[in-house]
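# Working through the structure, step by step
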Amino acid sequence: MSFAANEAEDVRASASSADSGASSAGKAGSSFGSAPRIRAILRDFSWAFLGLAAVRIWIQCTIYDRYAFTDAGLTSVVINASRVILTAIVIAFILKCGFPRNARRILSWFSVSAMTLGSVLFLVDAQLHPGTFDALACILAGCGLVWGGGQWMEFYLRLSPDESFFYALVSLALGSLGGMVLGYLPERVGAMVSVVMPTVSFAMLAWSLRLTQGRLEEGRLDPAPQDTRYDSEPATTWLRLLLGLAFIEFAMGIARGFPHGSSFELAPVFQTLHQVGVIGISFAGLYIVLVRNRFMRYSTLWRFMLVLVAVGIILLTSLNWYGLSLGSTSIAIVNTVMLSVLWFTCYDIARHASVIPYVFLGVVWSVFLLAREAGRIFVMLVPPHDDFVTFIDVLMILALTMSIAVMFTDRIPVKREMFEGLRFDAGKRVLASDVLPAVLASDGPQRVDLVQVYGLTKREAEVIDYLMQGKSKAQVGRELFISENTVRGYVKNAYSKMDVHNKEQLREKYYRS
């Protein structure tokens, strides 16, 4: 897929200034294909990169009964408990022995086999004698999913923030589309589809890693970690993030079994509303960040989800059928969107920390599952009596309030703003030499590949790109988190290599007609 001619125009328009570039991109962004950041991503697009959608379809069919209900009751609890136990074992192994490629390969084959066999047993169990293989199927499915989804982090960590954000949200939307279709088909069809999804995901991951290996060897990808700024982050930051996650998930776990502990059946129209809502939020996020070039703060994202959960809880407390249906749908939407939020959060942290990424991924997912299933078990154990409904209402609101108290701040993390890499002016958007070829074929002035032509390092070229946008050395230092003196050193080296002595000479050599 080639967009070189149009990309050249977009890049030249963006080079004058980051602000004017953002404005023009926003105006041109009435469709996704016209945005330069989207076009840069589509240059290397492959359907294989959307393999996480296959994992999500499997989850919907196996764990959540295609969202025909809020969950599968005790089956969901047992599966997720198995996930937490195996995750703890894997984390302990990684911390003691590391995580060599052979260990990852063995775990991959185990995951595919366990997920597939679990799906087969669920299918056989439903057709023959319900309950015969249920426990074994739950354990296999839960254990298989631990690495069945987690193994995709290796691929995502090879991508730029823009690409990772794009594929995470498109995969989420595609999974919802598949789930919506399966929701209208017989249950047996969904069970049969779930049998093949683990193999599909595994094959797509293998192909994705093969496709990106070439880009790695060419130096067009910068695998994690980029730096280790999060290593010096106060421990209280991570504690607050995990506590905020635990409180909101505990509230959502209670909501999934509200008011008397059993799963609530969603009518087809509400199943569709859930999936359409997820698709809409996914593409809204892509449009805001990659088309309109608006930065989405982490705290703002949390507030949005907290509002949706609060709306869901308020609707649930009405105790009428429409209120319960709409409230359960709102909770289901948040639960689904949360998957991509946590995934991209773990990706973002892994790019700026020395800790093995799978350790942090495992800890976050364990807190996510433990808190939610604790809430689910609690509401199962509460006596099914109307006198306890008010008590459950108060507990959900209290948990939500605690999450708000912990997360309603823009001051964490301290060392680096979360999702910073998604800023339009982060230095890697449209001007980076690894996004477009060195010299684009068109009539007007073109940016020379400073690395290939003049022998600049990637950081020296990045500094020059900022200067050509009209930024001062102090501004460049703030953008790159380096001192102004360091910027001056890069500029001095670049001037020497390019044999220039002032900005006019620099501008002449920066562009080529």
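Description of the structure in this document.

Here is what the cut-offs are and how they apply
- Residues numbered from 1 in each chain as written.
- Predicted model: local features only at pLDDT ≥ 70, side-chain atom pairs only at ≥ 80, totals over all residues.
- Heavy atoms only, no water.
- Helix = DSSP H or I, 4+ residues; strand = E, 2+ residues; numbered from the N terminus.
- Buried < 20%, exposed > 50% of the residue type's maximum accessible area, 1.4 Å probe, protein only.
- Contact = heavy atoms within 4.5 Å.
- Areas by Shrake-Rupley, 256 points an atom, 1.4 Å probe, with all protein chains shown as cover.
- Axes fitted to C-alpha atoms, helices over the stretch in contact; angles between N-to-C directions.
- Parallel < 35°, antiparallel > 145°, perpendicular 65-115°, else oblique.
- Phe/Tyr/Trp six-rings, centres within 6.5 Å; stacked < 30°, edge-to-face > 60°.
- Lys NZ or Arg CZ within 6 Å of the ring centre and 35° of its normal.
- Salt bridge = Lys/Arg side-chain N within 4 Å of Asp/Glu carboxyl O.
- Patch = residues over 30% accessible without salt bridge, like charges linked within 9 Å, V, L, I, M, F, W, Y side chains within 5 Å.
- Polar contact = N/O pair within 3.5 Å; in protein donor to acceptor, adjacent residues only side chain to side chain.
- Core = buried A, V, L, I, M, F, W, Y, C linked by side-chain atoms within 4.5 Å.
- Left-handed = near helix turned anticlockwise from the far one by under 90°.
- Nonpolar A, V, L, I, M, F, W, Y, C, P; charged D, E, K, R; others polar.

## Side note on the overall build of the protein chain
In terms of helices and strands, the protein chain carries 21 helices and two strands. For the protein chain, buried positions account for 55% of its 513 residues. Expressed as a percentage of contacts within the protein chain between residues at least 6 apart in sequence, the contacts between residues at least 24 apart total 82%. Accessible area for the protein chain stands at about 21700 Å²; split by element, carbon and sulfur atoms hold 64% of it.

## Quick word on the packing of helix α13 (residues 298-316) against helix α16 (residues 389-407)
Where α13 meets α16, the closest approach of the two axes is 11 Å, and the angle between their N-to-C directions is 170°. With respect to their mutual orientation, α13 and α16 come out roughly antiparallel. Residues Tyr298, Trp302, Leu306, Val309, Ala310 and Ile313 of α13 touch α16, and the partners they reach there are Met396, Ile397, Leu400, Ser403, Ile404 and Met407.

## With respect to the packing of aromatic side chains
Applying the stated criterion across every chain, the model contains 24 aromatic pairs. On the numbers, 5.4 Å between centres and 75° between planes, the contact of phenylalanine 99 with tyrosine 358 is edge-to-face. Note that phenylalanine 99 is positioned in the loop between α5 (74-97) and α6 (101-127) and tyrosine 358 in helix α15 (residues 357-381), a separation of 259 residues in sequence. You'll find phenylalanine 99 and tyrosine 358 in the same group, each marked buried. When the ring of tryptophan 238 is compared with that of phenylalanine 360, the centres are 5.7 Å apart and the planes differ by 75°; the resulting orientation is edge-to-face. Here tryptophan 238 is found in helix α11 (residues 235-256), whereas its partner phenylalanine 360 is found in helix α15, with 122 residues between them in sequence. Note on tryptophan 238: relative accessible area 18%, which makes it buried. A cation over a ring is seen here: arginine 423 above phenylalanine 295, with NZ or CZ 3.9 Å from the ring centre.

## Digging into the pattern of salt bridges
In the structure shown here, the tally under the stated rule is 14 salt bridges. Between aspartate 162 and arginine 37 there is a salt bridge whose closest N-O contact spans 2.9 Å. Linking aspartate 162 in helix α9 (residues 161-183) with arginine 37 in helix α3 (residues 36-42), this pair joins segments that are 125 residues apart in sequence. In this pair, the class of aspartate 162 matches that of arginine 37, namely buried. With a shortest N-O distance of 4.0 Å, arginine 43 and aspartate 44 are connected by a salt bridge. The exposure class assigned to arginine 43 is partly exposed, which follows from its relative accessible area of 27%. Since its relative accessible area comes to 19%, aspartate 44 is described here as buried. One connected set of salt bridges, linked through shared partners, spans Arg297, Glu417, Glu420 and Arg423.

## As for a nonpolar patch on the surface
The grouping of Trp47, Leu174, Leu177, Val181, Leu185 and Val189 at the surface amounts to a nonpolar patch, some 530 Å² of accessible area in total. Broken down by element, the nonpolar patch gets its largest block of residues, three residues, from α9. Structurally, leucine 185 is set in the loop between α9 and α10 (187-217). The class for leucine 185 is partly exposed, based on a relative accessible area of 36%.

## A short note on the side chain of glutamine 60
Take glutamine 60: it is sitting in helix α4 (residues 52-62). Residue classification places glutamine 60 among the buried residues on the basis of a relative accessible area of 2%. There is a polar contact of 2.7 Å between the side chain of glutamine 60 and the side chain of glutamine 275. Once residues lying within four places of it in the same chain are set aside, the contact partners of glutamine 60 are Asp65, Arg66, Tyr67, Gly175, Ser176, Gly179 and Gln275.

## Re unusual backbone geometry
Comment: phi is negative for the bulk of residues other than glycine, and the bulk of peptide bonds are trans. For the bond running from phenylalanine 258 to proline 259, omega is 5°, close enough to zero to count as cis. Its place among the elements puts proline 259 in the loop between α11 and α12 (268-291). The residue phenylalanine 419 is not glycine, and still its phi comes out positive at about 70°. Along the chain, phenylalanine 419 turns up in the loop between α16 and β1 (446-447). With a relative accessible area of 3%, phenylalanine 419 lands in the buried category. A positive phi angle is found at aspartate 499, which is not glycine, with a value near 60°. Within the secondary structure, aspartate 499 is located in the loop between α20 (484-498) and α21 (503-510).

## Looking at the nonpolar core
One finds Met153, Tyr156, Phe166, Met338 and Trp343 to be the most contacted residues of the largest nonpolar core, which totals 119 residues. With 14 residues, helix α14 (residues 321-350) is the largest single contributor of residues to this core. With residues near it in sequence (within four places) discarded, methionine 338 still touches Leu245, Ile248, Glu249, Met252, Trp302, Met305 and Phe368. Counting residues in each nonpolar core, the second largest holds 20 residues, with Ala461, Ile464, Met468 and Leu506 among its members.

## Observations regarding the packing of α11 against α16
Closest axis-to-axis distance for the α11/α16 pair is 8 Å, and the angle between their directions is 160°. Taken together, the axes of α11 and α16 are roughly antiparallel relative to one another. Relative to α16, α11 is oriented so that their crossing is left-handed. In contact with Arg240, Leu241, Leu243, Gly244, Phe247, Ile248, Phe250, Ala251, Ile254 and Ala255 of α11, α16 contributes Ile392, Leu395, Met396, Ala399, Leu400, Met402, Ser403, Ala405, Val406 and Met407. For the contact of α11 with α16, the class distribution of residues is 17 nonpolar, two polar and one charged.

## Points about the environment of arginine 83
Checked against the element boundaries, arginine 83 lands in helix α5. Taking the relative accessible area as the measure of exposure, arginine 83 reaches 9% and is therefore buried. Sequence separation between arginine 83 and leucine 145 is 62 residues, and the spatial gap between their C-alpha atoms is 7.0 Å. Sequence-distant contacts of arginine 83, that is, excluding residues within four places in its chain, are made with Ile63, Gly142, Leu145, Val146, Trp365 and Leu369.

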